[in-house]
Amino acid sequence: MTDALDFSAPTAAPHIAPTHAEETAPPEPRPSAHLKLWWPRRVFIAKSARDSAVADRARHVGAELGAEIVELSDNAVRGLKGESERETYRNGKSSIAIVNAPPSALKFQPIPPSADFRLDLARGCPAHCQYCYLAGSLSGPPITRAYANLDEIFAQVPSFIGKGKITSKSQARAHEGTTFEASCYTDPLGIEHLTGGLERAIAYFGRQFEAGLRFTTKYARVDDLLDLPHNGRTRVRFSVNAEDITRRFEGGTAKLADRLAAMGRMARAGYPVGLTIAPIMPLDGWQDSYGALIREAGAALPGDADLTVELITHRFTPGSREVLLSWYPGTDLEMDPAVRSEKRNKFGGRKFVYTKEVMREMKAWFEGRIARDLPDGAILYWT
Ligand code: SF4
C-alpha cells in the first residue's frame, strides 16, 4: 500500500523552466512532462546559515512553491512534534531546515561497500518509502536538514585522498580515485531544486582528479545537472525496483520509467551511471518483474554507457521495524523476524535478512540475468 501523503508537485515550478539541454535533448528516451518535485510546507533557515547561498536558494524557491519561510532566531528547529506519531511524521516530512553541518559531518566516515567515505550534503529525505533505511538511523521527527556550509565540507576532501579502503585500495576501481558517497542519509536529487548542493558538489569533484563523487536517487529531475562540468568524476546511480514494488512502497518518489529515462539522459551527458537495485524482495513472480526492470534499464541506456550495478536485498533491524510500523501502520511490507535469518555485527547490533537458500537463489539469478541483459554493467556487490 502506498502512503497516501503526497507533497510532490504535478508540474515543475514556474522558476524551473526547461533548460537548453532539455530543449535539445535527443528524442529517445524523453522524460515525463510531469516530473515530480517535492513541495515543502515549511522552510526553516537557521541563524548561522542565513547568509549562505543555500539559504538564499531555499528561501527563493520555497517561496515560489508556496512554503512558509521561517527565519530562526537561533539554530534549533522547534514545533515539529505533533499530538501523535503520525502528525510528527507529517510535520517532519513536509519541512526542510537549512543549517550548517555539525563538526562530526566534517570528519568523513568509511562507508563500505559502496565507497571510501561518506560525504553528507543533508540528512533526511522527504519521500515516503515504507522500507526506508533511514528509519531507525536518524532520531527525532523526520525533517530534512540540508547543509549550507558546503565550502567547509568540500575543503575536507583533500585530506582524505588515498586513505580509503574501497576504491582507493581496489585495482579494478582505482580509476575512480578516492570516492565519496553523498546519499547515505538523504536523497540529494530530491531536494536539489531547493538547495543546489548537488550542483556545487558535482562541479567541485569535476576539478578533483584523484577523487570521485557518488550518489543514489529515486528522483528524476536531472535537467540542471546535464551541462555541469562533471568531467566524469561523479557517478549517478538510480535506485530502482520492480515496478509493482515501486508503486506499492515508494511514496513521493519519481516514477520508475522517469528514473530510467533520467539515467539514460545522464549517461548521454557523459556521466558514469549506475543501477542500485534495492531493496530486492522475492515477492510472487519476482523473476518476471525484475527481468522486466533489467530489460527496461538496458533499453534506456546508450550503447557506450559506463554502468555499474549494486544489488541490495531487503533487510531490517528491530529499531527500523518499530519506527517503520509506527510511520506506516497499514503497510503490507513483510518484516517478520520469524521468516528471516538473524545477523549480528561486531557491536552486537541485529538485523534480519533473507535465509541463505533464498539469498543463494536470488544472487545466482540476478548475476545471470545481468550478464545476459546488461553485459557491460559491472556488478559492484551483492548484499
Ligand atoms: S528515497 Fe531513499 S532515503 Fe528517501 S524515503 Fe525513500 S528509501 Fe528513504
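Notes on the structure in this doc start here. Because the structure is predicted, anything quoted here is derived from the model rather than measured.

1. What about the overall build of the chain?
Right, on to step 1. The number of helices and strands found in the chain is 11 helices and 19 strands.
Right, on to step 2. Scaling as 2.2 N^0.38, a compact globule of 383 residues should have a C-alpha radius of gyration of about 21 Å, and the chain matches this with 20 Å.
Right, on to step 3. Along the first, second and third principal axes, the C-alpha set of the chain runs to 55 × 45 × 45 Å.
Right, on to step 4. By the burial criterion, 55% of the 383 residues in the chain qualify as buried.
Right, on to step 5. For the chain, restricting intrachain contacts to residue pairs at least 6 apart in sequence, the fraction spanning at least 24 positions comes to 78%.

2. Quick notes on the sheet that holds strand β13 (residues 234–240)
Right, on to step 1. Strand order across the open sheet formed by eight strands is β6-β7-β11-β12-β13-β15-β16-β19, with mixed pairing between neighbours. Only two strands of the sheet have a single neighbouring strand rather than two, namely β6 (110–111) and β19 (378–382).
Right, on to step 2. Here six bridges tie strand β15 (residues 273–280) to strand β16 (residues 307–313), and the two strands are oriented parallel to one another. Paired with Thr276 across the strands is Glu310, a residue of β16.
Right, on to step 3. Sheet strands touched by helix α11 (residues 356–373): β15, β16 and β19. Its angle to β19, the strand with the most contacts, is close to 170°.

3. Side note on the packing of aromatic side chains
Right, on to step 1. Here the structure, examined in full by the defined rule, presents 16 aromatic pairs.
Right, on to step 2. For the pair Trp286 and Trp365, a centre-to-centre distance of 5.4 Å together with 75° between the ring planes defines the contact as edge-to-face. Separated by 79 residues along the polypeptide, Trp286 in helix α9 (residues 286–300) and Trp365 in helix α11 bring together distant segments of the chain. Exposure class is identical for Trp286 and Trp365. Each is buried.
Right, on to step 3. Following the ring pairs from residue to residue traces out a cluster consisting of Phe108, Phe117, Phe154, Phe160, Phe180, Tyr204 and Phe205.
Right, on to step 4. The side chain of Arg123 reaches across the aromatic face of Tyr185, ending 4.2 Å from its centre.
Right, on to step 5. When the ring centre of Tyr354 is taken as reference, the NZ or CZ atom of Arg340 above it lies at 3.9 Å.

4. Re the pairing of β16
Two faces make up the sheet, and in a regular strand the side chains alternate between them.
Right, on to step 1. Counting buried positions along β16 yields six of seven residues, so the element is predominantly enclosed.
Right, on to step 2. Each parallel crossover has a hand, and the one from β15 via α9 to β16 is right-handed.
Right, on to step 3. Across four bridges, the pairing between β16 and β19 is parallel. Its bridge partner being in β19, Val309 is matched across the sheet by Ile379.

5. A closer look at the pairing of strand β3 (residues 42–45)
Right, on to step 1. Inspection of the sheet shows β3 paired to strand β4 (residues 68–71) by four bridges, in the parallel sense. Looking at the pairing, Arg42 lines up with Glu68 of β4.
Right, on to step 2. Once the chain exits β3 it traverses helix α2 (residues 53–64) before rejoining the sheet at β4, and the crossover so formed is right-handed.
Right, on to step 3. Where β3 meets strand β5 (residues 95–99), four bridges bridge the pair, whose relative direction is parallel. Bridge pairing links Arg42 to Ser95 in β5.

6. Focus on the sheet that holds β4
Right, on to step 1. Taken in spatial order, the five strands of this open sheet run β4-β3-β5-β10-β8, and their pairing is mixed. Two strands close off the open sheet at either side, each with one partner strand: β4 and β8 (122–123).

7. A few points about the environment of Phe44
Right, on to step 1. Looking at the element boundaries, Phe44 is found in strand β3.
Right, on to step 2. Overall, the relative accessible area of 3% leaves Phe44 in the buried class.
Right, on to step 3. C-alpha separation for the pair Phe44 and Arg221, spaced 177 residues apart in sequence, amounts to 24 Å.
Right, on to step 4. Discounting residues that sit within four places of it in the chain, Phe44 has contacts with Val70, Leu72, Val77, Arg78, Leu80, Ser95, Ile96, Ala97, Ile98 and Ile143.

8. Looking at the site of the ligand
Right, on to step 1. The environment of the ligand is formed by Cys125, Ala127, Cys129, Cys132, Tyr133, Leu134, Asp187 and Lys218.
Right, on to step 2. The residue makeup of the shell around the ligand, split by class, is six nonpolar, no polar and two charged.

Thresholds, definitions, all that
Residue positions are counted from 1 within each chain, in the order its sequence is given. Totals for whole chains, interfaces and linings use every residue, but because this is a predicted model, local features are given only for residues with pLDDT of at least 70 and side-chain atom pairs only at 80 or more, for both listing and counting. To obtain the side-chain values, all non-hydrogen atoms of the structure were used and water was disregarded. Strands here are runs of E lasting at least two residues and helices are runs of H or I lasting at least four, both read from the DSSP assignment and numbered beginning at the N terminus. We compute the radius of gyration over the C-alpha atoms and compare it with the globule rule, which gives 2.2 Å times the number of residues raised to the power 0.38. Three exposure classes are used, based on accessible area relative to the maximum for each residue type with a 1.4 Å probe and protein chains only: buried under 20%, partly exposed in between, and exposed over 50%. Contacts were defined at the residue level, with two residues in contact if any of their heavy atoms lie within 4.5 Å. For two strands to pair, DSSP has to find at least two bridges joining them. Between N-to-C directions, angles span 0 to 180 degrees; the directions come from axes that are lines fitted to C-alpha atoms, helices contributing only their stretch in contact. Pairing of aromatic rings covers Phe, Tyr and Trp, the last counted by its six-membered ring, and requires centre-to-centre distances within 6.5 Å; plane angles under 30 degrees mean stacked, over 60 mean edge-to-face, and any other angle means tilted. Comment: the charge-over-ring label is applied if NZ (Lys) or CZ (Arg) is within 6 Å of the ring centre and within 35 degrees of the ring normal. By convention a crossover is right-handed if, when the strands point away from the viewer, the path from the first strand over the helix to the second runs clockwise. Whether a residue is near a molecule or strand depends on its heavy atoms: it is near if one of them lies within 4 Å of it. Think of it as three bins: nonpolar holds Ala, Val, Leu, Ile, Met, Phe, Trp, Tyr, Cys and Pro, charged holds Asp, Glu, Lys and Arg, and polar takes everything else, Gly as well.

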